[in-house]
Amino acid sequence: MPILNPEHLLAQADQLATPPAIGAPRQADLKRAVSATYYALFHAIVTDVADQVAGIGQRATPQYALVYRSVTHRRLSELCENIVKQKLPDKYKPFQPQGGFGPDLLAVAKAFTDLQEKRHSADYDPLYRVTASDAKLTLQAGRTAFNHWRNVPRARRRLFILLLAFLSPVGRN
Amino acid sequence: MADIWPVYEGREPTRGEPWLSLPLEDAIALFELKPLQFISDSSRTPRFGPQDRDLSLFGYKHVVVEVYEDESRPTDWKAGFYRSPVPPKDAFNRILRYTLGPILGEANVLRVEHVPSTDSRGRITAKVTVVLAPDALQRITGDISLSAVGRLQNQLAAMGAEGTPILQYATEDELAHSD
């Protein structure tokens, strides 16, 4: 399967974040470690979305690719921000679970918003400097978020996908 | 309880909500307050500098602590406003430290610094650096750092920042060799 395996991306991030035996770690390695950590979580979520919407047995089909490619970074980020704030736009309040989104989904949402910002800075901001400590803790947080994603109860995961597909960004509906 | 207000000079001293509400004893310690720093009672908003101009363009110049009437205060603390000797930028860092220290472990955090920034969508936020003790890395788990992220996001949102902050970590050694 050509789909990116999130665990492979995390392993790649681990290699890149490990300081070399001699000399200082390279910014290119540390920044790519941050980026790979973000993409591990991104692809874990998007693969799940496509598996559920198009079907896990359809992974080699154009329909699967269509669903996969329809999930944007921005949309995921907006949904995660709403989950972190525990506050959906009024129109979608009826879909807010009683008692909140639960600790696993909340942890994923926090991680996603944080990692996306870090990824953006790591990839595009020439003044952004990543330390080895930060790369390690970012990876650890990403790995933890990945485990939380796997632990999100099925009903909550379905709700997440529903909101991802149909939640209009604030001010655009 | 006490409220921490960042204050401009000029005719409009404050905007929006206080940076933080916290127990008076924490405010005294964090913002180096003394009873002699009392500047006015609760009915009179403290004002600084020329009052005929809006000087908010120059940023916050003072930190004022509002102590409430209902606080069970030591006798030498009156309700009203106290001016902290701590400059606003330093006060902001101390609030971040106060927010993140209990989550990350006080012994793991040497200090917290910030620079104002914008996030990837152009919204105002901050890049926050937690300076770690040399052996702190192995004591901070993924769940702890995710809790710190959530706490920071909530605190900055409460302080009026709309964007998503970046929370970074570094040791003193890493900061010293950053060039």
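Located above this text is the structure these notes cover.
Description of the interface of chain A and chain B
Facing the 23 residues of chain A at the interface are 23 residues of chain B. Secondary structure elements with two or more residues in the side of chain A that touches chain B: helix 5 (103–124) and helix 6 (132–151) of chain A. For the side of chain A that touches chain B, the leading source of residues is helix 6 of chain A, giving 10 residues. Among the residues making up the side of chain A that touches chain B, the classes are represented as eight nonpolar, seven polar and eight charged.

Notes on the nonpolar core
Grouped together as the largest cluster of nonpolar side chains are 89 residues, with contacts concentrated most on Leu41(A), Ala111(A) and Ile4(B). When residues in this core are grouped by element, the largest group, 14 residues, is from helix 2 (residues 27–55) of chain A. Split by domain, this core shows at least three residues from each of two domains, domain 1 (2–86) and domain 2 (89–176) of chain B. Non-local contacts of Ala111(A), meaning those with residues more than four positions away in its chain, are made with Leu41(A), Ala141(A), Gly142(A), Ala145(A), Leu146(B) and Val149(B).

Regarding the sheet that holds strand 4 (residues 62–67) of chain B
Residue and element names in this part refer to chain B. Read across the sheet, five strands follow the order 2-1-4-5-3 without closing on themselves; strand pairing throughout is antiparallel. Edge positions in the sheet fall to strand 2 (20–22) and strand 3 (38–40), since each has one partner strand and no second. Each adjacent strand pair in this sheet contributes to an overall mean axis angle of 35°, direction not counted. Looking at chain direction, strand 3 and strand 5 (residues 80–84) are connected through two bridges and run antiparallel. Across the sheet, the residue bridging to Phe-38 is Tyr-82, located in strand 5.

Analysis parameters
Residues numbered from 1 in each chain as written. Chains lettered and ligands numbered in written order. Predicted model: local features only at pLDDT ≥ 70, side-chain atom pairs only at ≥ 80, totals over all residues. Contact = placed C-beta atoms within 7 Å. Helix = DSSP H or I, 4+ residues; strand = E, 2+ residues; numbered from the N terminus. Nonpolar A, V, L, I, M, F, W, Y, C, P; charged D, E, K, R; others polar. Core = buried A, V, L, I, M, F, W, Y, C linked by C-beta atoms within 7 Å. Buried ≥ 20, exposed ≤ 12 C-beta atoms within 10 Å, placed from the backbone. Domains from an automatic or database assignment. Pairing = 2+ DSSP bridges. Axes fitted to C-alpha atoms, helices over the stretch in contact; angles between N-to-C directions.

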